[in-house]
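# Structural overview for review
The residues making up each chain are set out below.
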Amino acid sequence: MQKIGVALSGGGIRSFSQLPIMRAIEEDGIIISALSGTSMGSVIAGLLACGLSADEVSEIVLRLEGTLTERRTFRRFSKKLNPFNKEKVLGGYVDGVELEELLIEVLEPLGIKMISDVKIPLAIPAVDLITGKTIVFVSHPELFKSLDDEWIVETDVTLSLAIRASCSFPFVIGSVEFGDYKLVDGGLTMNLPVPLLDGYKVDKTIGVTMHTDSDFSGDFSVIPLATRVMDIMRIQTDKSILEHTDVILNVPLDTIQIFDIGKGRATIEAGQRIINENRSALSKIIYKEPWYKTIFKKK
């Protein structure tokens, strides 16, 4: 029985372009057996793993974008940076707890708290600044096999915190304390988390990226420079992973940057154009009943 996994790469607001692709997967009747997502890709993968449709996820992330815009979250410094404040934000100027709280508001009505509550097997990477190792948050540890001795697998975590950790873009969003770890964006080591799908022993993989070949046209202030550095790292680390991905769908977004909050609809439209042009790529995938359901069938 073929088991199909989808990996959604990180890319900030660019990751909204993944949603039309996920809708096409649904429309083509491709049944997903496992999901993985990094950074903003973890938001989308996490919501899909809860059993939501791509259209439902689109509504949610656009609503979240509106809230972040209204609050000017990425345009103001956290009050916790005040030297007289007892609580601190480390490694960024935005307090990631705001994102975590927004996610909790979305997940609570769905009856989802822990990562183990999701319906579709899920894996989300983050990176521990102390050891440099990849922390892999998994929903179904009994079905997941770590393929790298350097991975640290964790499952006793809320879904909102796992996503927040994977989204903690260095120098912008503060790191997350989890046990003895100080966690940041999973894109530092695994921007396209296809290897985590292999941990769930899938047969076929679909990877969705947002790479561009355009030269850097931004200024060299801190945020544009940091995003450019991360982009270079992401593309380089993705190259070796892409060689082992069965279907690759890339949405090049030359004019949209990671923190271009407010351009969510534009990125969704870009994703729609790409899947319209490359719909036939999905025909490479053979699909059957989800493998994780068969283990519960009576003999």
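As a reminder, the structure under discussion sits directly above these lines.
Overview of the structure.

Procedures and definitions
Residues numbered from 1 in each chain as written. Predicted model: local features only at pLDDT ≥ 70, side-chain atom pairs only at ≥ 80, totals over all residues. Heavy atoms only, no water. Helix = DSSP H or I, 4+ residues; strand = E, 2+ residues; numbered from the N terminus. Buried < 20%, exposed > 50% of the residue type's maximum accessible area, 1.4 Å probe, protein only. Polar contact = N/O pair within 3.5 Å; in protein donor to acceptor, adjacent residues only side chain to side chain. Contact = heavy atoms within 4.5 Å. Pairing = 2+ DSSP bridges. Core = buried A, V, L, I, M, F, W, Y, C linked by side-chain atoms within 4.5 Å. Axes fitted to C-alpha atoms, helices over the stretch in contact; angles between N-to-C directions. Parallel < 35°, antiparallel > 145°, perpendicular 65-115°, else oblique. Left-handed = near helix turned anticlockwise from the far one by under 90°. Nonpolar A, V, L, I, M, F, W, Y, C, P; charged D, E, K, R; others polar. Phe/Tyr/Trp six-rings, centres within 6.5 Å; stacked < 30°, edge-to-face > 60°. Expected span 1.5 Å × (residues − 1). Arc of directions from axis to C-beta.

Next up on the list: the environment of Tyr181. With respect to the helices and strands, the residue Tyr181 is situated in strand β7 (residues 181–185). For Tyr181, a relative accessible area of 16% corresponds to the buried category. Along the backbone, Tyr181 and Thr131 are 50 residues apart, and their C-alpha atoms lie at a distance of 8.3 Å. Polar contacts involving the side chain of Tyr181 include one to the side chain of Glu154, which spans 3.0 Å.

Once that is clear, we can look at the side chain of Arg164. Assignment of secondary structure puts Arg164 in helix α5 (residues 159–166). Not counting residues within four places of it along the chain, the set of residues in contact with Arg164 comprises Asp95, Gly96, Val97, Leu99, Glu100, Ser175 and Val176.

Right, let's get into the environment of Ser166. You can see Ser166 is positioned in helix α5. Dropping the residues within four chain positions of it, Ser166 is found in contact with Gly37, Thr38, Ser39, Ser42, Ile124, Pro125, Ala126, Asp185 and Gly186.

Regular strands show a simple pattern: their side chains alternate between the two faces of the sheet. Within strand β4 (residues 134–138), 5 of the 5 residues are buried, which leaves it mostly tucked inside the rest of the structure. Because side chains alternate across β4, one face comprises the buried residues Thr134, Val136 and Val138, and the other comprises Ile135 and Phe137, equally buried. Summarising the sheet, strand β3 (residues 122–128) and β4 pair through 5 bridges and their orientation is antiparallel. Along β4, the bridge assignment pairs Pro125 with Val136. A loop of 5 residues connects β3 with β4, the two strands running antiparallel in sequence, and Gly132 in this loop sits at a positive phi of about 80°.

Leu35, Phe137 and Leu159 are the most contacted members of the largest nonpolar core, which has 68 residues in total. In this structure Leu159 touches Gly46, Cys50, Leu107, Ile112, Lys113, Met114, Ile115, Val118, Leu122 and Ile124, once residues within four positions along its chain are discounted.

This paragraph deals with the packing of helix α3 (residues 54–71) against helix α4 (residues 97–107). Between α3 and α4, whose axes approach to 11 Å, the crossing angle comes to 140°. Regarding the angle of α3 to α4, the classification is oblique. Both α3 and α4 take part in a crossing whose hand is right-handed. Residues Ile60, Arg63, Leu64, Thr67, Leu68 and Arg71 of α3 form the contact with α4, whose participating residues are Glu98, Leu102, Leu103 and Val106.

Relative orientation of the contacting elements helix α2 (residues 40–49) and α3 amounts to 130°, with a least axis distance of 9 Å. The orientation of α2 with respect to α3, classified from their angle, is oblique. In this structure, α2 meets α3 at a crossing whose hand is right-handed. Side by side, α2 and α3 meet where Met40, Val43, Ile44, Leu47 and Leu48 of the first sit next to Ala54, Val57, Ile60 and Val61 of the second. Classifying every residue of the contact of α2 with α3 gives 9 nonpolar, no polar and no charged.

By the definition in use, this model includes 4 aromatic pairs. Aromatic rings pair up to connect Phe137, Phe178 and Tyr181 into one cluster.

Moving on, we get to helix α9 (residues 264–278). The end-to-end C-alpha separation of α9 is 21 Å, in line with the 21 Å expected for 15 residues at 1.5 Å each. Those residues of α9 lying buried are Gly264, Thr267, Ile268, Ala270, Gly271, Ile274 and Ile275. Buried positions in α9, seen along its axis, are confined to an arc of 160° and lie on one side of it. Exposed side of α9, more than 90 degrees from the buried face: Arg265, Asn276 and Glu277 are the residues found there. Tucked inside the fold, the buried residues of α9 contact α1 (18–27), α3 and β9 (247–250).

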